[in-house]
Amino acid sequence: MTRHFLRDDDITPSEQQEILDLALEIKANRWAKRPLAGPETVAVIFDKSSTRTRVSFAVGIADLGGQPLIISTANSQLGGKETPSDTARVLERMVAAIVWRTYAQSGLEEMAQGATVPVINALSDDFHPCQLLADLLTILEHKGSLAGLQVVFLGDGGSNMAHSYALAGATAGMHVSIVCPKEFAPATSVITDARAIAEKTGGSLTVTEEPSAALAGADVVVTDTWVSMGKEDEKAERVATFGKYQVDKEKMALAAKDAIFLHCLPADRGFEVAPEVIDGPQSVIWDEAENRVHAQKALMVWLLERV
């Protein structure tokens, strides 16, 4: 049965560790795996603009011996005359995998249903699982292990990054705190799913409005833009709402002395994060950005082995 990666809990804790171990192997030897040699083609579809996702998938596919076919829905039938399921049935006869950066999670689910090649969520409104693999890889490199670490996400708790941290962090056995205004809490279903996973892995998920207690002794501090794509007209309101959740020097001082800071980028310095933090010695954002390539290569290798 073909495996897909649409949300962070599509893989088990042991499978997550397999992919991260493979990513470390691939990072140490860039040409170790060539499952797409031929070259085979991978369709990489974009509804949303992108820098890191576009480059990391294109480079990763080429490294694996394949050829990336970059498709914009603006110049294809997907999202217009053709359904995601019909698009998948066409593409699966021509490509080795389908990567889609889109809006609605439901579109990805429709595309994956019955597809005979792996479908990968390169970002949706609800989840950003490929970014979390890169983040976990970065944390693993800097901390040596994942289970038991205290991870704090500050900002929009209902964002795709917060949702993915809840699920992926629980899968890794981490203690994840989502710190956000009450009206921007994670989806109830995500909280329920993450806590069910955490019960099995020894992790936990806490949702709170107060940063100080959550940050005390934290190993990892994370934030993301307050204004996600499609919400630009809400910027003034969001800046006013999220002001107390900016990651600044004072908040980082509450965390452990060896805490690291992550941000998936692009960053809006002076809003969700102070310049002295994101550009400071505890920031590992450039490792995090690079690790998109290695984590996604590992994911593709792992999925292609299961087709």
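Residues numbered from 1 in each chain as written. Predicted model: local features only at pLDDT ≥ 70, side-chain atom pairs only at ≥ 80, totals over all residues. Heavy atoms only, no water.

Enquirer: Can you walk me through the overall build of the chain in this structure?
Expert: A tally of helices and strands in the chain yields twelve helices and nine strands. Whereas a compact globule of 307 residues would reach a radius of gyration of roughly 19 Å, the chain reaches 19 Å, a difference of no more than 12%. When the backbone C-alpha atoms are referred to their principal axes, the chain occupies close to 55 × 40 × 35 Å. Expressed as a percentage of the 307 residues in the chain, the buried residues total 55%. Within the chain, residue pairs in contact and separated by at least 24 positions form 76% of the contacts whose partners lie at least 6 positions apart. A total of about 12,600 Å² of accessible surface is found on the chain, and carbon and sulfur atoms cover 51% of it. (Helix = DSSP H or I, 4+ residues; strand = E, 2+ residues; numbered from the N terminus. Rg over C-alpha atoms; globule rule 2.2 N^0.38 Å. Buried < 20%, exposed > 50% of the residue type's maximum accessible area, 1.4 Å probe, protein only. Contact = heavy atoms within 4.5 Å. Areas by Shrake-Rupley, 256 points an atom, 1.4 Å probe, with all protein chains shown as cover.)

Enquirer: Any chance you could explain the pairing of strand β6 (residues 175-179) here in plain terms?
Expert: Looking along a regular strand, one sees side chains alternate from face to face of the sheet. With four of five residues buried, β6 lies mostly within the body of the structure. Note: strand β5 (residues 150-154) against β6, five bridges, orientation parallel. In the strand pairing of β6, Gln 150 is matched with His 175. Pairing of β6 with strand β7 (residues 204-208), which is carried by five bridges, proceeds in the parallel orientation. (Pairing = 2+ DSSP bridges.)

Enquirer: It is not clear to me how unusual backbone geometry should be interpreted in this structure. Could you clarify?
Expert: Keep in mind that most residues, glycine aside, have a negative phi and that most peptide bonds are trans. For the bond from Gly 38 to Pro 39, the omega torsion is 0°, close enough to zero to count as cis. With respect to the element layout, Pro 39 can be found in the loop between α1 (13-28) and β1 (41-46). Residue Pro 266 is bonded to the preceding Leu 265 through a cis peptide linkage, with omega at 0°. Summarising the element assignment, Pro 266 is placed in the loop between β9 (260-263) and α11 (275-278). Of note, Leu 123 is a non-glycine position whose phi angle comes to about 145°, a positive value.

Enquirer: Just checking my understanding: could you explain the state of the cysteines for this structure?
Expert: Here a disulfide denotes one covalent bond, and it connects the sulfur atoms of two cysteines. Tallied over the entire structure, the rule returns zero disulfides. In this structure Cys 130 is not part of a disulfide, and its nearest cysteine sulfur, from Cys 264, lies 12 Å away. Residue Cys 130 is classed as buried on the basis of its relative accessible area of 1%. With no disulfide of its own, Cys 180 lies closest to Cys 264 among cysteine sulfurs, the gap being 16 Å. For Cys 180, a relative accessible area of 1% gives the class buried. (Disulfide = S-S within 2.5 Å.)

Enquirer: What's the story with the side chain of Thr 102 in this structure? I'm lost.
Expert: Mapped onto the secondary structure, Thr 102 falls in the loop between β3 (97-101) and α4 (105-112). One polar contact links Thr 102 to Asp 47, side chain to side chain, over a distance of 2.4 Å. Those residues in contact with Thr 102 that lie beyond four places of it in its chain are Asp 47, Lys 48, Leu 108, Leu 123, Ser 124 and Asp 125. (Polar contact = N/O pair within 3.5 Å; in protein donor to acceptor, adjacent residues only side chain to side chain.)

Enquirer: Sorry if this is basic, but what is going on with the pattern of salt bridges here?
Expert: Side-chain pairs of opposite charge can arise whenever the charged atoms involved come near each other. Taken as a whole and assessed by the stated rule, the structure comprises 14 salt bridges. The residue Arg 3 makes a salt bridge to Glu 15 at a minimum N-O spacing of 2.9 Å. With a gap of twelve residues between them, Arg 3 in the segment before α1 and Glu 15 in helix α1 connect regions that are remote in the sequence. Overall, Arg 3 belongs to the partly exposed group, its relative accessible area being 24%. Here Glu 15 falls in the buried class, since its relative accessible area comes to 15%. For the salt bridge of Arg 7 with Asp 193, the shortest nitrogen-to-oxygen distance reads 2.9 Å. Here Arg 7 is found in the segment before α1, whereas its partner Asp 193 is found in helix α7 (residues 188-201), with 186 residues between them in sequence. Taken together, the shared-partner salt bridges connect Arg 7, Asp 9 and Asp 193 into one network. (Salt bridge = Lys/Arg side-chain N within 4 Å of Asp/Glu carboxyl O.)

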